[in-house]
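The lines below spell out each chain.
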Amino acid sequence: MNEPVPYLDLRAQMAPLRKEIDAAIARTLDNCSFCLGPDVVQFEKDFARFCEAEHCVAFNSGTSALHVALLLLNVGPGDEVISTPSTFVATSWAISYVGARPVYVDTDDATFCLRPDLIEKAITKKTKAVLPVHLYGHPVDLDPILAICRKHNLPLVEDAAQAHGAKYKGKVVGTFGVMSGFSFYPGKNLGAYGEGGALVTNDTALAARARSLREHGSTQRYYHDEVGFNYRMEGIQGAVLGVKLKHLEAWTRERRRVAHRYHELLKGTPLQLPYEAPYAESAYHLYVVRHPDRDNLKKHLEANKVGCALHYPLPLHLQKCYAHLGYKAGDFPASEKAARECLSLPIYPEMTDAQVVRTAEVVKQFFT
Ligand SMILES: Cc1ncc(COP(=O)(O)O)c(C=O)c1O
């Protein structure tokens, strides 16, 4: 009876696409186009269209895309970038890699995204950019952030690693800022079969320099205009992503089906359920609930073979790697509370209704 519910099931997504993916990979092998190549070029065009953007530059990871985005804005040592402590650490890696300092601003209790009303107080003469995250697939409240950016002449870079196809006021995220970074890590809403990422922008000059920086700072082989990186996307990943992108809109609809079903089944429990702001259409990368007794709820789910995960157990300002920033416990109460209380339930497009019902049932048992 009660079958285990995996937290994530990448096999279920791969199975119906397997023939098409095998053929796409075979084509890449036949072409010997292992680094960049025609499949990556085609994917860049298709993903730019998906984001309603002029340019997509494919990278070997979301982290490298964000790194290059900050480099392109000439953010460097001595500079500050305003960002969120509630995210995967790679958001802040981008800031650290260019030698700048992350300056954190606390998050909203309902959406877990950076709070626009706290940004202005954090701006100093050293602030060079604002880097919010569309966390768990829910867009950050962009309009007030853009207004502050305009007022202080600061560029906005979106960390859209978890938010492919999420909409803010009806428009897909990714071009509200001057650039955005996407991740195609396998578990993402659009996942490669390995590492992958993209920088998306409407700015032609930035896109051109991003292409050069990802390829050893060169536009012509063996001529290097500036110190660059090997941040190229692999040909096979471009081929896989090209196949998968055609399904992304349908997959997002399925994620939203699962989320709505959870809402229905879990309302009335003591859990705080994910909030979708009126301006937002979440891509539901994760379905994150919250409860003060989170750790025991997690144990209960695991004991009943229902997968779950923590995103994220320790906010960035309290990570050992960022001890030198001088933050302490209590500095960002909402983010710290989220880290203590949040629990991610299984969500993926292929989840059956029976799996959603079973998960909700086990959650409810905890409270009876
Ligand atoms: C919010 C966020 N930013 C950045 C990244 C970095 O992406 P990648 O793992 O592709 O380097 C990720 C994903 O891992 C992420 O979730």
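The rules behind these values
- Residues numbered from 1 in each chain as written.
- Predicted model: local features only at pLDDT ≥ 70, side-chain atom pairs only at ≥ 80, totals over all residues.
- Heavy atoms only, no water.
- Phe/Tyr/Trp six-rings, centres within 6.5 Å; stacked < 30°, edge-to-face > 60°.
- Helix = DSSP H or I, 4+ residues; strand = E, 2+ residues; numbered from the N terminus.
- Buried < 20%, exposed > 50% of the residue type's maximum accessible area, 1.4 Å probe, protein only.
- Lys NZ or Arg CZ within 6 Å of the ring centre and 35° of its normal.
- Pairing = 2+ DSSP bridges.
- Axes fitted to C-alpha atoms, helices over the stretch in contact; angles between N-to-C directions.
- Parallel < 35°, antiparallel > 145°, perpendicular 65-115°, else oblique.
- Left-handed = near helix turned anticlockwise from the far one by under 90°.
- Contact = heavy atoms within 4.5 Å.
- Arc of directions from axis to C-beta.

Draft legend 1. Structural context of the packing of aromatic side chains. By the definition in use, this model includes 19 aromatic pairs. When the ring of Phe112 is compared with that of Tyr136, the centres are 5.8 Å apart and the planes differ by 65 degrees; the resulting orientation is edge-to-face. Of this pair, Phe112 sits in the loop between β3 (101–104) and α6 (119–122) while Tyr136 sits in the loop between β4 (127–131) and α7 (142–152), and the two are 24 residues apart along the sequence. For the pair shown, Phe112 and Tyr136 are each scored as buried. A cation over a ring is seen here: Lys171 above Phe176, with NZ or CZ 5.9 Å from the ring centre.

Draft legend 2. Representation of the sheet that holds strand β2 (residues 80–83). Spatially, β3-β2-β4 is the arrangement adopted by the 3 strands of the open sheet, whose pairing is parallel. Both edges of this open sheet fall to β3 and β4, since each of them pairs with a single strand only. In this sheet, neighbouring strand axes are inclined to one another by 30 degrees on average, regardless of whether the strands run parallel or antiparallel.

Draft legend 3. Structural detail: the packing of helix α4 (residues 62–72) against helix α8 (residues 204–214). Between α4 and α8, whose axes approach to 10 Å, the crossing angle comes to 125 degrees. As summarised for this structure, α4 and α8 are arranged oblique, according to the angle between their axes. Considering only the axes of α4 and α8, their crossing is right-handed. Side by side, α4 and α8 meet where Val68, Leu71 and Leu72 of the first sit next to Leu206, Arg209, Ala210 and Leu213 of the second.

Draft legend 4. Focus on α7. Those residues of α7 that fall on the buried side of the exposure criterion are Leu142, Ile145, Leu146, Ile148 and Cys149. End-on, the buried residues of α7 take up no more than an arc of 160 degrees, which puts them together on one face. Among the exposed residues of α7, those pointing more than 90 degrees away from its buried face are Arg150 and Lys151. In this fold, the buried residues of α7 make contact with α6, β4, β5 (157–159) and β6 (167–168). Asn153 sits one or two positions beyond α7 and adopts a positive phi of about 55 degrees.

Everything listed here is a matter of coordinates, which is why it stays silent on function.
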